[in-house]
Amino acid sequence: MLLTKYTHACVRIEKEGRVLVLDPGTFSETDQALAGADAILITHEHADHIDQDAVLAALAANPGTPVHAPAVVADALRAAAPQTSGQVHSAAAGDTFTTAGFTIRCFGGQHALIHPSIPVVANVGFLVDDAVYHPGDSLIVPPGVQVDTLLVPVHAPWSKVAEVVDFVVSVRAPRAFQIHDALLNETGLGFTESHIARVGGQHGTEFRHLAPGESVEL
């Protein structure tokens, strides 16, 4: 598989001529990420994880492209563009399905707590081909799974460095790359990633930073 990282939480995975896109949000280069997409996965409803207009445009451009997302996101997409409703599918923790030749397992169910005054929304972490894990906005460790490639939300209003490092240590994937990094400047990102790389490395995880648009063979 070829994984391409875009700004913030969006990644594109290519395999055998098929393209899967996860979390094409408003912070990301959605026109590049969604070009030729065969399937789209959305972890939750926040705009930095779904650019609704861009996703709907991708569905309209290719009637064969499905999108899988938590029910509240799926309902919003159907309401905004009823003509594409047949392409929109609800996903929840515990689900397993195949889309565009990729096998997807779903974990979690809830977004991490930001503050008690802010309602918790649905969040689904996606494991692609039993290999690549995108947790969305959560630090849920998928039970009973050996993850090969972990996508790490390195910074968010709901997290702290210790929690992120513990997540990496708990998953124990051989390799990890950062996501959810657009809210940090270069200094803050370097500081946070150094802790992840150092402690993660002690537990067998090789952490590597990917620049926006950079690709890596898995």
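Quick note: structure is the one above.
Since we're looking at a predicted model, the values are computed, not measured. (Residues numbered from 1 in each chain as written. Predicted model: local features only at pLDDT ≥ 70, side-chain atom pairs only at ≥ 80, totals over all residues. Heavy atoms only, no water.)

1. As for the overall build of the protein chain
Logical step 1: The secondary structure content of the protein chain amounts to five helices and 14 strands.
Logical step 2: Computed over the C-alpha atoms, the radius of gyration of the protein chain is 16 Å, within 12% of the 17 Å expected from 2.2 N^0.38 for a compact globule of 218 residues.
Logical step 3: C-alpha extents for the protein chain along the principal axes are approximately 50 × 45 × 35 Å.
Logical step 4: When each of the 218 residues of the protein chain is scored for burial, the buried share is 52%.
Logical step 5: For the protein chain, contacts bridging at least 24 residues in sequence account for 55% of all contacts bridging at least 6.
Logical step 6: Approximately 8,900 Å² of the protein chain is accessible, and the part contributed by carbon and sulfur atoms is 53%.
Logical step 7: When the 11 basic and 24 acidic side-chain charges of the protein chain are each reduced to a single mean position, those positions are 6 Å apart. (Helix = DSSP H or I, 4+ residues; strand = E, 2+ residues; numbered from the N terminus. Rg over C-alpha atoms; globule rule 2.2 N^0.38 Å. Buried < 20%, exposed > 50% of the residue type's maximum accessible area, 1.4 Å probe, protein only. Contact = heavy atoms within 4.5 Å. Areas by Shrake-Rupley, 256 points an atom, 1.4 Å probe, with all protein chains shown as cover. Lys, Arg positive; Asp, Glu negative; His and termini not counted. Charge placed at Lys NZ, Arg CZ, Asp CG, Glu CD.)

2. Brief notes about the sheet that holds strand β10 (residues 132-134)
Logical step 1: Strand order in this open sheet of seven strands is β7-β8-β9-β10-β11-β12-β13, and the pairing throughout is mixed. Looking at which strands have only one partner, the edges of the open sheet turn out to be β7 (96-99) and β13 (206-208). Sheet twist, expressed as the mean angle between neighbouring strand axes with direction ignored, is 25°.
Logical step 2: Bridge analysis of β7 against strand β8 (residues 102-110) gives four bridges, and the strand direction is antiparallel. When the bridges of β8 are listed, T99 appears paired with F102.
Logical step 3: Across the sheet, helix α4 (residues 161-171) lies against β10 and β11 (149-153), angled at about 170° from β11, the strand it touches most. (Pairing = 2+ DSSP bridges. Axes fitted to C-alpha atoms, helices over the stretch in contact; angles between N-to-C directions.)

3. Topic: the packing of aromatic side chains
Logical step 1: Within this structure, the stated rule accounts for one aromatic pair.
Logical step 2: Between F107 and Y133 the ring centres are 6.2 Å apart and the planes differ by 90°, which places this aromatic pair in the edge-to-face class. Remark: Y133 occurs in strand β10 and F107 occurs in strand β8; sequence separation between them is 26 residues.
Logical step 3: You can call F107 buried: its relative accessible area is 10%.
Logical step 4: Its relative accessible area of 0% is what places Y133 among the buried residues.
Logical step 5: A cation over an aromatic ring shows up here: K15 above the ring of F102, its NZ or CZ 4.7 Å from the ring centre. (Phe/Tyr/Trp six-rings, centres within 6.5 Å; stacked < 30°, edge-to-face > 60°. Lys NZ or Arg CZ within 6 Å of the ring centre and 35° of its normal.)

4. Some remarks on the nonpolar core
Logical step 1: One finds L20, L22, I104, F126 and V128 to be the most contacted residues of the largest nonpolar core, which totals 23 residues.
Logical step 2: Among the secondary structure elements, those contributing two or more residues to this core are β2 (11-15), β3 (18-22), β4 (39-41), β8, β9 (122-128) and β12 (175-179).
Logical step 3: A58, A69, L77 and A81 belong to the second-largest nonpolar core, a separate cluster that totals 22 residues. (Core = buried A, V, L, I, M, F, W, Y, C linked by side-chain atoms within 4.5 Å.)

5. Here we look at the sheet that holds β4
Sheets are built from strands that pair by backbone hydrogen bonding, the pairs being arranged parallel or antiparallel.
Logical step 1: Here we have seven strands laid out as an open sheet, ordered β6-β5-β4-β3-β2-β1-β14, and mixed in their pairing. Each end of this open sheet is capped by a strand with a single partner; those strands are β6 (88-90) and β14 (215-217). Strand-to-strand twist of the sheet, defined as the mean angle between neighbouring strand axes without regard to direction, takes the value 20°.
Logical step 2: Bridge analysis of strand β1 (residues 2-5) against β2 gives four bridges, and the strand direction is antiparallel. Across the sheet, T4 pairs through a bridge with R12, a residue of β2.
Logical step 3: Packed onto the sheet, helix α3 (residues 71-80) meets β5 (67-69) and β6 and runs at close to 155° relative to β6.

6. A closer look at the side chain of T99
Logical step 1: Its place among the elements puts T99 in strand β7.
Logical step 2: For T99, the side chain forms a polar contact with the side chain of H68, separated by 3.5 Å.
Logical step 3: For T99, the contacting residues outside a window of four places in its chain are L20, A39, P66, H68 and I104. (Polar contact = N/O pair within 3.5 Å; in protein donor to acceptor, adjacent residues only side chain to side chain.)

7. Looking at the packing of helix α2 (residues 52-61) against α3
Logical step 1: Put simply, α2 and α3 touch, their axes get as near as 11 Å, and they point 65° apart. Put simply, α2 runs roughly perpendicular to α3. Two packed elements cross with a definite hand, and for α2 against α3 that hand is right-handed. Taking contact as the criterion, the partners of Q52, V55 and L56 in α2 are, on α3, A76, L77 and A80. (Parallel < 35°, antiparallel > 145°, perpendicular 65-115°, else oblique. Left-handed = near helix turned anticlockwise from the far one by under 90°.)

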